[in-house]
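Listed here are the chains, written in short residue letters.
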Amino acid sequence: MRHEPSQFLSKKALPVWRLRACFESLFVALIPIGYGVLVYFFSIPLWIFWILLSGFIIYFIITVFVIPPLQWKKWRYEVLADEIDLQRGVFIVKRTLIPMTRVQHVDTEQGPLLRRYKLAAVSISTAATVHQIPSLTMEVADELRDRIAELAAVAEDE
């Protein structure tokens, strides 16, 4: 059995993932809000609103405070001379090996949230799909992008 990848994401990924979960949970909040509006205008049972609100609060706590630290502990990567090893997943752990010969190009990406925390994501494109290593510090992301590009060029020449 192959050993787990040794590199972790930046610890600054936690607040980014928590903020993202807060924004995403706003959509789930529409369910109790919508039902609350219906309760106000029509005579429908109020107890269902309280159940929906309780469900939303539980969902919010789990997605904002419980899942991000678990994700961070499980997300690992390692760049070797002939492949890139990615491991992620909380309940279902997914392991991906990307051969250097399949790498077409490598990008760094930085949205507004990542920029605020001085983080970037490295995207590795192959013919089939794009793989991403999220939430790395800018220095690590630039270094990793350059190293993967260099190793992919060497692998292509062989």
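This text follows the structure it describes.
These lines cover the structure that appears in this document, whether it is placed above or below. (Residues numbered from 1 in each chain as written. Predicted model: local features only at pLDDT ≥ 70, side-chain atom pairs only at ≥ 80, totals over all residues. Heavy atoms only, no water.)

Spatial strand order, S5-S6-S7: three strands in an open sheet with antiparallel pairing. Bordering the open sheet on either side are strand S5 (105-109) and strand S7 (130-137), each of which pairs with just one other strand. The average undirected angle you get between the axes of adjacent strands in this sheet is 20°. In the sheet, S5 pairs with strand S6 (residues 119-125) via five bridges, with the strands oriented antiparallel. In the sheet register, Glu-109 faces S6, and the bridge partner there is Ala-121. (Pairing = 2+ DSSP bridges. Helix = DSSP H or I, 4+ residues; strand = E, 2+ residues; numbered from the N terminus. Axes fitted to C-alpha atoms, helices over the stretch in contact; angles between N-to-C directions.)

With 29 residues, helix H1 (residues 13-41) should cover 42 Å at 1.5 Å per step; its first-to-last C-alpha distance of 43 Å lies within 8% of that length. Taking the largest bend as the criterion, H1 deviates by roughly 35°, centred on Phe-27. Every buried residue belonging to H1 is among Ala-13, Leu-14, Val-16, Trp-17, Ala-21, Ser-25, Ala-29, Pro-32, Tyr-35 and Val-39, and all of these are buried. Of the surrounding elements, those touching the buried residues of H1 are helix H2 (47-74), helix H3 (112-116), S6 and S7. (Expected span 1.5 Å × (residues − 1). Bend = angle between axes of the 7 residues up to and from the residue. Buried < 20%, exposed > 50% of the residue type's maximum accessible area, 1.4 Å probe, protein only. Contact = heavy atoms within 4.5 Å.)

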